[in-house]
Amino acid sequence: MKPTKPASITLALLAVLLVFVAWPAQLPIGTATGAPSAIQPTVALAASMAPGEPKVVRIRYSRDPRTLEPGLFLELVTGYISKDLHAGLMRFDEKMQPAPFIARRWTVSRDGLTYIFTLRNDVKFHNGRRVVASDFVYTFTRILTPRVRAAAGPQALGKVKGAREYMDGKATDVEGLMALDDNTFRIVLSEPDPSLLLRLSTVFLSVIPREAVVEGEPRWRDKPVGAGAFRFVEWQPQVRVVLEANPDYFLGRPKIDRIENLTVPDVATALAQYEKGELDIVDVRGAQLAQVTRDPTLSKELKEFPRAQLLWFGMNQRRVPAFRDKRVRQAFIYALHRQVLIEKVMLNDRYLATGFVPAGIPDAAPGQQAYPHDPTKARRLLAEAGFPGGKGFPRIEFVSTADEATLVEAIVAQLKTKLGIDVVVRIAESGDLLSGMWAKDRWDMWSWGWSADRPSAEVWLYELIYGGLESNFVGYNNPEFNKLVDRARSETDLKRRIAAWQEAERMAHDEVPYIPFGFAKFLYLIKPHVRGFSADLLGPKRLENLEIVR
Amino acid sequence: MPRYLLRRLAATFISLFSAALIAFLASRLAPGDPIRLMVGDQNVSQEVILQLQRQYGLDRPLLVQYVYFLRNALAGDFGTSYYYVGRPVLQVIAPGVIVSLRWQTIALALAVAAALGLGTLSAIRHNTWLDHSIMLFVISGISLPSFALATILIVVFSVRLGILPVAGLTSPAHYILPCITMAAQPSALLARLMRASMLEVIHQDYMMTARAKGLQEVVVIARHGLRNALLPTLTVLGIMAGRILAGAFLIETVFSIPGIGRIGVQAVVHRDYPVILAITVILSMTFLAVTFIVDVLYGFLDPRIRYA
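Rules behind the numbers
Residues numbered from 1 in each chain as written. Chains lettered and ligands numbered in written order. Predicted model: local features only at pLDDT ≥ 70, side-chain atom pairs only at ≥ 80, totals over all residues. Helix = DSSP H or I, 4+ residues; strand = E, 2+ residues; numbered from the N terminus. Rg over C-alpha atoms; globule rule 2.2 N^0.38 Å. Buried ≥ 20, exposed ≤ 12 C-beta atoms within 10 Å, placed from the backbone. Contact = placed C-beta atoms within 7 Å. Expected span 1.5 Å × (residues − 1). Bend = angle between axes of the 7 residues up to and from the residue. Core = buried A, V, L, I, M, F, W, Y, C linked by C-beta atoms within 7 Å. Axes fitted to C-alpha atoms, helices over the stretch in contact; angles between N-to-C directions. Parallel < 35°, antiparallel > 145°, perpendicular 65-115°, else oblique. Left-handed = near helix turned anticlockwise from the far one by under 90°. Nonpolar A, V, L, I, M, F, W, Y, C, P; charged D, E, K, R; others polar.

J.: Could you give me a rundown of the overall build of chain A, with the residues and numbers involved?
T.: Secondary structure summary: chain A contains 18 helices and 22 strands in total. Radius of gyration (C-alpha) of chain A: 26 Å, near the 24 Å computed for a compact globule of 550 residues. Considered along the principal axes of its C-alpha atoms, chain A spans approximately 90 × 75 × 50 Å. Counting across all 550 residues of chain A, residues that qualify as buried make up 49%. Here the analysis covers contacts within chain A between residues at least 6 apart in sequence; of these, 68% occur between residues at least 24 apart.

J.: Could you give an account of the overall build of chain B, with specific residues and numbers?
T.: Helix and strand counts for chain B stand at 12 helices and zero strands. Starting at the N terminus, the α and β elements of chain B follow one another as α-α-α-α-α-α-α-α-α-α-α-α. Here the C-alpha coordinates of chain B stretch approximately 85 × 55 × 30 Å along the principal axes. The buried share of chain B, reckoned over its 308 residues, is 39%. Taking the intrachain contacts of chain B between residues at least 6 apart in sequence as the baseline, contacts between residues at least 24 apart amount to 73%.

J.: Requested: an account of helix α8 (residues 172-201) of chain B, with residues and values cited.
T.: All names here are of chain B. Taking 1.5 Å per residue as the helical rise, α8 with its 30 residues ought to reach 44 Å, whereas the 38 Å between its terminal C-alpha atoms falls clearly short. Remark: the principal bend of α8, roughly 35°, maps to alanine 184, with a proline, proline 186, within the next four residues. Of all 30 residues in α8, 21 are buried, a share of seventy percent or more.

J.: Let's hear about the environment of B:Ile176: which residues, and what values?
T.: Tracing the sequence through the fold places B:Ile176 in helix α8. Considering only alpha carbons, one finds B:Ile176 and B:Ile106, 70 residues apart in sequence, at a separation of 9.7 Å.

J.: Can you lay out the nonpolar core for me, pointing to particular residues and giving the numbers?
T.: One finds A:Val57, A:Leu243, A:Ile281, A:Val282 and B:Ala191 to be the most contacted residues of the largest nonpolar core, which totals 83 residues. Not counting chain neighbours up to four residues away, the residues in contact with A:Leu243 comprise A:Asp84, A:Leu85, A:Phe230, A:Arg231, A:Phe232, A:Val233, A:Arg258 and A:Ile259. Membership of the second largest hydrophobic core comes to 79 residues, among which are A:Val328, A:Leu341, A:Phe393 and A:Trp450.

J.: I'd like a rundown of the packing of helix α6 (residues 129-143) of chain B against α8(B), residues and numbers included.
T.: All names here are of chain B. For the pair α6 and α8, the least separation of the axes is 8 Å and the interaxial angle reads 135°. By the angle class used here, α6 and α8 are oblique. Crossing of α6 over α8 shows left-handed handedness. Across from Val138, Gly141 and Ile142 in α6, the residues of α8 making contact are Ala184, Gln185, Ser187, Ala188, Leu189, Ala191 and Arg192. Across the contact of α6 with α8, the residue classes break down as six nonpolar, three polar and one charged.

J.: Explain helix α1 (residues 2-29) of chain B to me, using residue names and the numbers behind them.
T.: Helix length check: α1(B), at 28 residues, gives a terminal C-alpha distance of 41 Å against a target of 40 Å (1.5 Å per residue), a fit within 8%. Among the 28 residues in α1(B), two count as buried, and that is only a small part of the element.

Shown next, in the form of structure tokens:
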């Protein structure tokens, strides 16, 4: 019987569908060998624990890294993944102080302008070549190259002698970067920069090999080559970045064989995968925290680590002149019962902020007490400022993103009842909120966080509060405070510098240019068989000491 | 037919052009500066911001930006992504297009098959317990939002029973839950429509004639009934296709599927203009293609319909 036309069409469509289904799965955009990956989909860890099976740890991130070239962006996920691929001159020790890494030792001249680093001679890139001083010259020059669009370059290395001329196209190299020999690297500055060693300890100034960049341009970032404990295997965008142990790592081969950094945007899905055994380490936040703390198993596997992130509320002095009065700002912070908000609304996902510099940062002011909840004092201060009972105080719009809506509603309720002022909540999309913050003339009050890329009080006291700076979002300007910060920033003696920052912090604490709400935490669910995972103030520590214990 | 095809092709280009223009204007005029989002919380000087704006062409007037975009897009070049530094847009979205097309085609096929089966069965067994059960199932399918269904399926089949994976798309088993989630609502809607359509058709004279000729009931239904009952269903499917594809981003997010929907959401959040525009053009092309296929299928299903 001859098939009818509709039947023929149906059969044809079915054939197309079958071909479609059988078509190869999504190929990774970058693999170490350039060929599609032969790595099989991950299976539950129990199945991979058999003898001879590779030891794999699967970690969840909420979004893809933007790049795997560390110097391009001071961006969190890029940094978290890059730290295992790359290595730099220094890294942070347990006390968040610069410690030797590829550089065995270093000297700083008395005038604070010349730094000389003596390198180890046993460090190799993943392509087998030894790391030498000229690689650092190349890497840092590349970060300063305008064509590369490394936004972090000018900030991190802007004070290197000749950097400005190079960035402006007036020089073909950077005069202050020099390899004296294969094992000696020199940096000369145009002015002292006490934060240079801190910046050199971050992952963002890790060394990369010139030949890998030139060979792979423009797509070398999809197949990065570093000198870290793990080598790049593949990157499937929106799916995972896979790294494998580097057997030639100069500090010894890692104990685990592979890391899979999985992109799972939905935290509820990530939690389900964790429960099922498809993930070994998951960061927890928001609504899922309640679920985790209620579960008898999950609550035992939840670990918290302090984080160098200040969560604050901005009080825009440009839009609300009343905020220029210190008494008004203090009234606001006294009116808020921040501890209750953190415990009851945020389920202790953060610590109460005692100032502007998170505890653990070496130059944070010790022993500083958080503003107590004192509504009586708040009302008195507001009345002294000319707004008794909140009368005459302008209507305030408090802006937040949707995920903090509950918190902001509670804050607004407290301000209304304790101060008698008119405050309303406005929910904005995060991109809109961020843009409005930088525009400086759109929001009255808002909620945001400020994370550190290096462990220094400068991140908050200078970047947020220094008068006239682009990132001073609230328009606070106090010449006395600025002088203190100038002194701290230029002080080359460590003890005196710390003392200056602490004095600046005490002044900021009294002035309350922002309301410091909380110091964030890193909250991770970690499977019991994974040992050695922890985070320092800047993020997860390098995973070279991670192990799986049966 | 050739004149009809040419007219449709011209209309398609006009629609694509309009969609791209609207997407361009909407993305540029929406609040949120992509350069600021690019640098995030970094304390970057205004000088660096201006430099980046120049490098990405964002300091040019809107009209100039649009002309550049159009010129390059016609040559197949959508520029480089703002989020994935320096990566060509087509390289960013191409894998996502393949992934989405694959799993959504399976889901749509599942939806259509389920709708045909349930709707036909319901009509043939009209007013019986089977009909009522199917309609109850259908109403549940229509009422339950896809994200709720996704969560229920994950909790039941992945976490509690442990028989299916939670997320991702790396094996045939991974397709099951997202495809069911995606197919549920459209199959429910189409099943209702199919049932109503079939009820109208099975009482027609030509159906009685077919039975009178001695044909088996299954042949009567399949060859004579189904073909005629399909027409209204097909119309609705064509209209629904756009909604289905647009709603897929939620499912792709929940199931961590690296499809075009998820890439699109990330692009919007990060104001990745080149990716937003490219996805708009591609999704518009997909929708227009689906509508076109539906219209052409009409002609095959009903010989009375011929396009001049």
